Amino acid sequence: RSFSSSQSRRKILSIHDLPDRVLPQFSPGSGESRLLHLSWRKSELPRNVLLIKKPGVKSVRAALIEFATHLKATYPNTNIILEPSIASTSTLSYNPSITETLPGNELHDLPSPNHPYHCKVDFVTTFGGDGTILHAASLFATTGFVPPLLAFSMGTLGFLGEWKWHEHEAALYAVMEKGCKILRRGRLKVGLYNVKDSTRTVDENGDPRTSWHAMNEVVLHRGLQAHLVNLSVYINRRLLTTAVADGLILSTPTGSTAYSLSSGGPVLHPSVKALLLTPICPRSLSFRPLVVPHDEDVALRVGDGKTLEVSVDGRRWGSLEGGGETEVRVRGEVLQTEEGDWKGGIPCVKGPGKGKVTPGEGEDGDGGEGDGWVGGLKGVLKFNYAFGEED
């Protein structure tokens, strides 16, 4: 069906009218590959596709429209899911069976546990950079299920984007029918608890605060305060140190190339099961970045009466009051059960490979069985390149 400028043809229905999600099938990759293989049951191809774009860029908007057109032409039974701001301004006027706006205000409000994103969406497609991917992940921050994520690199920063726009038809076919490789990126689970009885703190309505998941990092920082803060760090209930600093970053391996890297932290492979603690401008030079197993329980307290801001993936999540009565607890998400079933994390659809390949290096970014991390890292960080030097 073609697009039209006539707004009367567009039909926007509630997400509640959509069929429930189709569960993806994950199986181990071949050989020693750390990647998984995504497939669907033949009788249950994806039906509900969430499209998320970077705002304010005409080329990105045009790409979303072109992708939606191709999706509906190739798979007529699919349903397009849009956010409110996109549905109200988009020129998607072709009258699909469902053109959905997600509940809530995506510009300001974080998703509520009552919003059924994870119950309806089969896979997510993003058009933009890493910030767009983080925004998409935040829509599933309160649930253990995140649908497969297909990301087109169309932003200013591209650590996470796997596909170029000109590959969109091949990418869609790989997700829908051919099968594709998946890199499951682990998240952090963060909660605010009372130290005395380990119960969750309550919000302004008296309800227990919901735990949150972070794709990149959890940051505790001094906010508008001009002075350093004393932040006590506990690992498995044992005091590690009391840091005097501007704050502390708790990062996933995926987030190791974000705020943590700017603060002097190391770069970790996204498949490493670890949690990274990086201080922000510490007073003591002896407090260096620390890598611990992802299943360690990390707790943070403020003991000097000050209040710290708590941010999750760049969005304010809450605050941690001083006095040592409450603490922020962070732990890596479980990605595989004892029975071997895959759960949690963010299943990212791998592209055909990034980065230049030098003969003889055995680079894994050329579409082979590797995960492309080495080539991607080289392409983005440009190790040992002179400033201004072109590829």
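Residues numbered from 1 in each chain as written. Predicted model: local features only at pLDDT ≥ 70, side-chain atom pairs only at ≥ 80, totals over all residues. Heavy atoms only, no water.

- As recorded in an unreviewed UniProt entry, the protein chain goes by the name ATP-NAD kinase, listed as coming from Terfezia boudieri ATCC MYA-4762.
- For the record of the protein chain, the UniProt heading Sequence similarities (unreviewed entry) holds the text "Belongs to the NAD kinase family." (UniProt positions renumbered as here; feature names shortened; annotations may be inferred.)

## Observations concerning the pattern of salt bridges
Opposite charge on two side chains allows them to pair when their charged atoms are near.
Move 1: Within this structure, the stated rule accounts for 10 salt bridges.
Move 2: One salt bridge connects Glu333 with Arg187, and the closest N-O pair in it is separated by 2.9 Å. Highlighted residues: Glu333 in the loop between strand E21 (326-332) and strand E22 (346-349) and Arg187 in the loop between strand E9 (180-185) and strand E10 (188-194), separated in sequence by 146 residues.
Move 3: On the basis of relative accessibility, which here comes to 2%, the residue Arg187 falls in the buried class.
Move 4: Note that Arg329 and Glu327 form a salt bridge whose closest N and O atoms lie 2.6 Å from each other.
Move 5: Given a relative accessible area of 0%, Glu327 falls into the buried group. (Salt bridge = Lys/Arg side-chain N within 4 Å of Asp/Glu carboxyl O. Helix = DSSP H or I, 4+ residues; strand = E, 2+ residues; numbered from the N terminus. Buried < 20%, exposed > 50% of the residue type's maximum accessible area, 1.4 Å probe, protein only.)

## Some thoughts on the sheet that holds strand E19 (residues 307-312)
Move 1: Across the sheet, which stays open at both edges, the six strands sit in the order E17-E16-E15-E12-E19-E20 with antiparallel pairing between neighbours. At either end of the open sheet lies a strand with only one pairing partner, and these are strand E17 (290-293) and strand E20 (315-321). The average undirected angle you get between the axes of adjacent strands in this sheet is 20 degrees.
Move 2: Where strand E16 (residues 274-280) meets E17, four bridges bridge the pair, whose relative direction is antiparallel. When the sheet's bridge partners are listed, Leu277 is paired in E17 with Leu290. (Pairing = 2+ DSSP bridges. Axes fitted to C-alpha atoms, helices over the stretch in contact; angles between N-to-C directions.)

## Quick look at the pairing of strand E15 (residues 247-251)
Move 1: Of all five residues in E15, five are buried; the element is thus mostly enclosed.
Move 2: On E15, burial covers both faces: Gly247, Ile249 and Ser251 on one face and Leu248 and Leu250 on the other are all buried.
Move 3: Bridging between strand E12 (residues 217-221) and E15 involves five bridges; their strand directions are antiparallel. In the sheet register, Val218 faces E15, and the bridge partner there is Leu250.
Move 4: Where E15 and E16 come together, five bridges link them in antiparallel fashion. Bridge pairing in E16 links Gly247 to Ile280.

## Let's talk about the nonpolar core
Move 1: In this structure, Leu51, Phe67, Phe127, Leu150 and Phe152 are the most contacted members of the largest nonpolar core, which totals 31 residues.
Move 2: Contributions of two or more residues to this core are made by strand E3 (36-39), strand E4 (48-53), helix H1 (58-74), strand E5 (79-82), strand E7 (123-128), strand E8 (149-153), helix H5 (168-178) and E9.
Move 3: The greatest single-element share of this core, amounting to six residues, is contributed by H1.
Move 4: Among residues more than four places away in sequence, those in contact with Phe67 are Leu51, Thr125, Phe127, Leu150, Phe152, Trp165, His168 and Leu172. (Core = buried A, V, L, I, M, F, W, Y, C linked by side-chain atoms within 4.5 Å. Contact = heavy atoms within 4.5 Å.)

## What to know about H1
Move 1: The terminal C-alpha atoms of H1, which comprises 17 residues, lie 24 Å apart, in line with the 24 Å expected from a rise of 1.5 Å per residue.
Move 2: Residues of H1 that are buried: Val60, Ala63, Leu64, Ile65, Phe67, Ala68, His70, Leu71 and Lys72.
Move 3: Contacts from the buried residues of H1 go to E4, E5, E7, E8 and H5. (Expected span 1.5 Å × (residues − 1).)

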